[in-house]
Amino acid sequence: MLACVRTAAVFGIEASLVQVEVDVSLGLPGFHLVGLPDASVRESQDRVRSAIRNCGFDLPPRRVTINLAPADIRKAGSSFDLPIALAVLAASGHITRRDIDDVLVIGELSLDGSIQAARGVLPIAASARRHRYGGLLLPYPNSAEAAVVESLQLYPVRSLHDALLALNDPPAFLSRAPALPPLPPPTAPVDGDFADVHGQAMARRALEIAAAGGHNVLMIGPPGAGKTMMARRVATILPPLTFDEALEATSIHSVAGLVGAGIRLLTDRPFRAPHHTISDVALVGGGAMPRPGEISLAHHGVLFLDEMPEFSRHVLEVLRQPLEEGCVRIARAARTVTFPARFMLVGAMNPCPCGFLGDPIRACRCSPIQIDRYAWRLSGPLRDRLDLTVPVAAVPPRDIQDALPGESSEEIRARVNAARGRQIARDGGLNARLHGRMLRSRAVLDAPAKQLMSNALGRLSLSARGYDRVLRVARTIADLEGSDRIAADHLAEALQYRGE
């Protein structure tokens, strides 16, 4: 007897439909799995057999052939367990309802027949709706995540018995299914507040500009100056995620298996701070079956690289393309996967290996050669993609105790929201993404600013990319001030963040 159950496989953050075809025929008893399965899918045979037996069903003493179509796409992951088990039971006559073609099925089976959470449920739910499927049968822990997709009937199940009831008698199953939790409202990040930062007026201002325009920023200062503290508070001055941004960010985290049970959408902007020993694959993504890396997990959020020169040179250089294009492409023999990676990069480093170059109290012990070698661990092309470079001096001891609290994150966020609103209304995006002719048309300099730029081009030896970088930052400063044209003081402030 032949039976077919529909499921899906995730590639990148997109889901491709897969048909699980099962044929039970005369022959030596056994399971035969074809259709380009990987090791995790081949192991599903043992899980499926044990789950079916432990749920009280009899396996037919016949040859069971399982085909995962289309056969030219590699299948990976444990979410094929449940569709394979249901297809075997359908072919054995345990599923009486014949019109199950409009239901997509995903889930991992335990040996006792219970169903575990799966990865990539949100993209699969979106694909089910896009292909006009009537329902999605999925593990109960993933039901809140899939409920984001509207006009799709969900069948959240905890066991193989629940899955059979959902297919055989959907009304009876839905009448006893628990209600889904409501979508939580967006909440502001709670990881500290800029009011906790004493002093550091220049660094605070640079981070405000960076947040307003989506610019990348590098802070250079001695240990204990507050670089990490300020970087971790950048997310608190960013606006809440829009629904579309939250949907895209949640899809990436879903593919990576980082969406917790009961979570429907990410409400806080992602903040990722990988250790400096991270590999290039872990940072940008990859693997035999490509998975998102840290830069994609930071999509629509902040990627913080502390002690940037301590990262491998090769790891840092792979950031150059994502910083320019806002995505990363991972090519494999079968296909190319694209992960979005539109993040705000915040870097921090010491001025020298010992960290005390220019410190008025502690003497630097580094030689000029050591200082130069340390600085050039960040290549020129990478430094050229960092829009703002800001020095961070150590806070004097008397200011640590006597300094009054600075502006709160809420006050700064209000200015950032207003500046971003001007940019989106004018260009449909942030200033950090302006290039070429659009940048020239938006970054209009008044007469004194044109003269200042002419002087800067000669004295500072600005490259073409450096020139564009200064214009983008000056445009953001003007937006923070509510100005349509870039004045000389806006340009002068942007030039001081140019760095060396």
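What counts and what doesn't
- Residues numbered from 1 in each chain as written.
- Predicted model: local features only at pLDDT ≥ 70, side-chain atom pairs only at ≥ 80, totals over all residues.
- Heavy atoms only, no water.
- Core = buried A, V, L, I, M, F, W, Y, C linked by side-chain atoms within 4.5 Å.
- Buried < 20%, exposed > 50% of the residue type's maximum accessible area, 1.4 Å probe, protein only.
- Helix = DSSP H or I, 4+ residues; strand = E, 2+ residues; numbered from the N terminus.
- Contact = heavy atoms within 4.5 Å.
- Polar contact = N/O pair within 3.5 Å; in protein donor to acceptor, adjacent residues only side chain to side chain.
- Salt bridge = Lys/Arg side-chain N within 4 Å of Asp/Glu carboxyl O.
- Pairing = 2+ DSSP bridges.
- Axes fitted to C-alpha atoms, helices over the stretch in contact; angles between N-to-C directions.
- Phe/Tyr/Trp six-rings, centres within 6.5 Å; stacked < 30°, edge-to-face > 60°.
- Lys NZ or Arg CZ within 6 Å of the ring centre and 35° of its normal.
- Parallel < 35°, antiparallel > 145°, perpendicular 65-115°, else oblique.
- Left-handed = near helix turned anticlockwise from the far one by under 90°.
- Nonpolar A, V, L, I, M, F, W, Y, C, P; charged D, E, K, R; others polar.
- pLDDT = per-residue confidence, 0-100.

1. Considering the nonpolar core
Membership of the largest hydrophobic core comes to 49 residues, with the highest contact counts inside it found for M219, M230, V346, L388, M453 and L491. Looking at which element gives the most residues to this core, the answer is helix α21 (residues 464–481), with eight residues. Beyond its immediate sequence surroundings of up to four residues, M453 is in contact with L445, L462, Y467, V470, L471 and L491. In terms of nonpolar packing, the next biggest core, distinct from the first, is built from 46 residues, V18, A85, I100 and A163 among them.

2. Observations concerning the environment of S25
Along the chain, the position of S25 falls in strand β2 (residues 14–25). A residue is classified by how much of its surface remains accessible, and S25, at 21% relative accessible area, is partly exposed. Between the C-alpha atoms of S25 and M202, which are 177 residues apart in sequence, the distance is 76 Å. Setting aside its immediate chain neighbours within four residues, S25 contacts R62 and R63. A distance of 3.5 Å separates polar atoms of two side chains, one belonging to S25 and the other to D23.

3. So, the pattern of salt bridges
Applying the stated criterion to the full structure yields 27 salt bridges. Of the charged contacts, one joins R130 and E14 as a salt bridge, the two residues approaching to 3.9 Å between their closest N and O atoms. A residue pair is termed long-range when its members are at least 10 positions apart, and R130 in helix α4 (residues 121–130) and E14 in strand β2 qualify at 116 residues. Two residues, E317 and R320, come together in a salt bridge whose shortest N-O distance is 2.5 Å. Residue class for E317 comes out buried when judged on its relative accessible area of 19%. Note on R320: relative accessible area 29%, which makes it partly exposed. Salt bridges sharing partners connect three or more residues here, namely R422, R426, D427, R442, R475, D479 and D484.

4. Section: the sheet that holds strand β14 (residues 302–305)
Spatial ordering of the open sheet is given by β11-β14-β17-β10-β18, a layout of five strands whose pairing is parallel. Of all the strands in the sheet, the pair left with one neighbour each is β11 (271–272) and β18 (388–391). Sheet topology places β11 next to β14; two bridges connect them, and they run parallel. Bridged to F271 within β14 is V302. Most of the contacts of helix α8 (residues 201–213) go to β18, to which it runs at about 165°, and overall it touches β10 (217–220), β17 (344–349) and β18.

5. Brief notes about the packing of aromatic side chains
A complete count under the given rule lists two aromatic pairs for this structure. The ring of F31 carries the charged tip of R49 above its face, separated from the ring centre by 5.0 Å.

6. Describing unusual backbone geometry
Note the cis peptide between A69 and P70, where omega equals 5°. With respect to the helices and strands, P70 occurs in the loop between β4 (63–69) and α3 (81–91). A positive phi is found at R132, a non-glycine position, where the angle reads about 65°. Note on placement: R132 falls in the loop between α4 and β8 (135–139). Of note in this structure, Q200 is not a glycine but carries a positive phi near 55°. Looking at where Q200 falls in the secondary structure, it is placed in the loop between α7 (170–176) and α8.

7. Overview of the packing of helix α18 (residues 409–427) against α21
The geometry of α18 relative to α21 is characterised by a closest axis approach of 8 Å and an angle of 115° between their N-to-C directions. As summarised for this structure, α18 and α21 are arranged roughly perpendicular, according to the angle between their axes. Read as a crossing pair, α18 and α21 show a hand that is right-handed. Where α18 abuts α21, its residues R415, A419, R422, Q423 and R426 lie against R475, T476, D479 and L480. For the contact of α18 with α21, the class distribution of residues is two nonpolar, two polar and five charged.

8. A short note on the confidence of the model for the protein chain
Interpretation of this model should avoid reading the predicted coordinates in detail wherever pLDDT is low. Taken over all residues, the pLDDT of the protein chain has a mean of 88, while the share at 70 or more is 95%. When pLDDT is averaged over each helix and strand of the protein chain, the minimum, 65, is found for helix α17 (residues 397–402) and the maximum, 97, for β14.

9. Looking at the side chain of R498
The topology assignment puts R498 in the segment after α22 (488–496). Apart from residues no more than four positions distant in its own chain, R498 is found in contact with T389, L460, L462, R469 and V470.

10. Some words on the pairing of strand β9 (residues 153–157)
Within β9, four of the five residues are buried, which leaves the element mostly enclosed by the surrounding structure. Here β8 pairs with β9 via five bridges, running parallel. Its bridge partner being in β9, P139 is matched across the sheet by V157.

11. What to know about the pairing of β8
Within β8, five of the five residues are buried, which leaves it mostly tucked inside the rest of the structure. For strand β5 (residues 103–105) and β8, the ladder comprises three bridges, and the chain directions are parallel. When the sheet's bridge partners are listed, L104 is paired in β8 with L136.

12. Details of the packing of α8 against α18
When two helices pack together, their arrangement is captured by the angle between the axes and the distance separating the axes. The geometry of α8 relative to α18 is characterised by a closest axis approach of 8 Å and an angle of 35° between their N-to-C directions. Handedness of the crossing formed by α8 with α18: right-handed. Residue-level inspection shows R204, E208, A211, A212 and G213 of α8 in contact with α18, the latter providing I412, R415, V416, A419, R420 and Q423. Residues belonging to the contact of α8 with α18 are distributed by class as follows: five nonpolar, two polar and four charged.

13. Looking at the environment of L434
Looking at the secondary structure, you find L434 in the loop between α18 and α19 (436–442). Note: C-alpha distance between L434 and R475 (41 residues apart in sequence) is 10 Å. Discounting residues that sit within four places of it in the chain, L434 has contacts with D427, L439, R442 and R472.

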